[in-house]
Amino acid sequence: MDNKAKLVSYEEQAIQEIRSFQREGYTLDEIYVLAHDDETTEGLTKLMSTNTVGVMEEGIGDAFANLFRSRGDQLRSKMQSLGLSKAQADHFEKELDKGKILVMVWNDNLDHDDMNAHRRNSGIRDEVVVPKDGVYVTNRPGPGRNNVW
């Protein structure tokens, strides 16, 4: 399955997107909700039983560093730990600044450290292109997955 990210403006839309991702075959463990407002993130996560970005996704170093980062830096770090490039994370964080909510699907079949090393060594660079339907789909080469990431 591909990783996907969808920006929405309201909590009701976030709930609809979560259900839509479930209909596509994603589990609640693969769905994440991020917003600038912690209450929105936590409320939707609890209400819909979606996953949270924690030590397993970020790694101990980033999780600890987030204790000392601004909320925007925390969000960008979390998005990058879920497979988005720096440019994509910057783009989505700016949208979250405007009050939007990010509903994202991430299914990690890779060792996270191997993925980051591969991205650094391969020189993968992404440009942010958000399609008109607002859904961003990743499909990049990665180690150990038949060149589909």
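Just so it is clear, the structure is predicted and the values come from calculations on it, not from any experiment.

Participant: Looking at this structure, I do not really get the environment of Thr 50. What am I missing?
Facilitator: Considering the arrangement of structural elements, one finds Thr 50 in the loop between helix 2 (38-48) and helix 3 (55-58). A residue is classified by how much of its surface remains accessible, and Thr 50, at 8% relative accessible area, is buried. Placed 18 residues apart in sequence, Thr 50 and Tyr 32 show a C-alpha to C-alpha distance of 5.8 Å.

Participant: Explain the layout of surface pockets to me, please; I cannot follow it from the model alone.
Facilitator: Gaps between atoms show up when a probe of the same size as a water molecule is rolled over them. There is about 190 Å³ of room inside the second largest pocket. As for the second largest pocket, its lining consists of Val 33, Leu 34, Asp 38, Thr 41, Glu 42, Thr 45, Lys 46, Asn 51, Thr 52, Val 53, Arg 71 and Lys 78. For the lining of the second largest pocket, the secondary-structure elements that each account for two or more residues are strand 2 (31-35), helix 2 and helix 5 (71-81). At five residues, helix 2 tops the list of elements feeding residues into the lining of the second largest pocket. Here the residues of the lining of the second largest pocket sort into three nonpolar, four polar and five charged.

Reading the values: rules and limits
Throughout, a residue's number is its position along its own chain's written sequence, starting from 1. Restriction of local features to residues with pLDDT of at least 70 applies here, the model being predicted, together with a cutoff of 80 or more for giving and counting side-chain atom pairs; totals for whole chains, interfaces and linings are based on all residues. To obtain the side-chain values, all non-hydrogen atoms of the structure were used and water was disregarded. Comment: elements are numbered from the N terminus, with helices defined as DSSP H or I runs of at least four residues and strands as E runs of at least two. Per-residue accessibility, obtained with a 1.4 Å probe over protein chains only, is compared with the maximum for each type, and a residue is labelled buried under 20%, exposed over 50%, and partly exposed between these values. Using a grid of 1 Å spacing that covers the protein atoms alone, one calls a set of points a cavity when a 1.4 Å probe fits there but cannot get out, and a pocket when the set is open and has protein on both sides within 12 Å along at least five of seven lines; lining residues are those with an atom within 4 Å of a point. Grid points are joined across faces, edges and corners, and a volume is the space filled by probe spheres set on the points. Classification used: nonpolar for Ala, Val, Leu, Ile, Met, Phe, Trp, Tyr, Cys and Pro, charged for Asp, Glu, Lys and Arg, polar for all others including Gly.

Keep in mind these numbers describe shape, not what the thing actually does.
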